[in-house]
Amino acid sequence: MNEVATKAVACPHCGENASVPLPDGETEVKVRQSIAAFGEHTTITCSRDHTYWEYFC
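Quick summary incoming for the structure in this document. (Residues numbered from 1 in each chain as written. Predicted model: local features only at pLDDT ≥ 70, side-chain atom pairs only at ≥ 80, totals over all residues. Heavy atoms only, no water.)

**Brief notes about the overall build of the chain**
The secondary structure content of the chain amounts to 0 helices and 5 strands. N-terminal to C-terminal, the α/β element order of the chain is β-β-β-β-β. Over its C-alpha trace the chain gives a radius of gyration of 11 Å, about what one expects of a compact globule, namely 10 Å for 57 residues. C-alpha extents for the chain along the principal axes are approximately 35 × 25 × 15 Å. A buried classification covers 25% of the 57 residues belonging to the chain. Taking the intrachain contacts of the chain between residues at least 6 apart in sequence as the baseline, contacts between residues at least 24 apart amount to 35%. Summed over its atoms, the accessible surface of the chain is roughly 4,100 Å², and 47% of this surface lies on carbon and sulfur atoms. Of note, the chain has its 4 positive side-chain charges centred 10 Å away from the centre of its 8 negative side-chain charges. (Helix = DSSP H or I, 4+ residues; strand = E, 2+ residues; numbered from the N terminus. Rg over C-alpha atoms; globule rule 2.2 N^0.38 Å. Buried < 20%, exposed > 50% of the residue type's maximum accessible area, 1.4 Å probe, protein only. Contact = heavy atoms within 4.5 Å. Areas by Shrake-Rupley, 256 points an atom, 1.4 Å probe, with all protein chains shown as cover. Lys, Arg positive; Asp, Glu negative; His and termini not counted. Charge placed at Lys NZ, Arg CZ, Asp CG, Glu CD.)

**Some details on unusual backbone geometry**
Here the phi dihedral of Asp49 falls at roughly 70°; this positive angle occurs in a residue that is not glycine. Within the secondary structure, Asp49 sits in the loop between strand E4 (41-45) and strand E5 (51-56).

**Description of the state of the cysteines**
Following the criterion strictly, the structure yields 0 disulfides and no others. Of all cysteine sulfurs, the one in Cys14 lies closest to Cys11, which takes part in no disulfide; the gap is 3.8 Å. Summary of cysteine pairing: Cys46 is not part of a disulfide, and the nearest cysteine sulfur, belonging to Cys14, is at 3.9 Å. On the basis of relative accessible area, Cys46 is assigned to the buried category, the value being 7%. (Disulfide = S-S within 2.5 Å.)

**Details of the pattern of salt bridges**
One pass over the structure, following the stated rule, counts 1 salt bridge. Of the charged contacts in the structure, one is a salt bridge between Lys30 and Glu28, with a shortest N-O distance of 2.9 Å. Using a relative accessible area of 31% as the deciding quantity, one classes Lys30 as partly exposed. (Salt bridge = Lys/Arg side-chain N within 4 Å of Asp/Glu carboxyl O.)

If you want it as structure tokens, here you go:
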């Protein structure tokens, strides 16, 4: 069974934490309030309905 690497990130709007999957355990994560034109990312919506993006470096 494969384990999925995850990381807790805080919503930049309200600070609520979310656990998000990573491509691998060595990936650096950047959280942004706006979407970029390119790059691998995941869209996250917290329970307060704020949307933000997690970019993988």
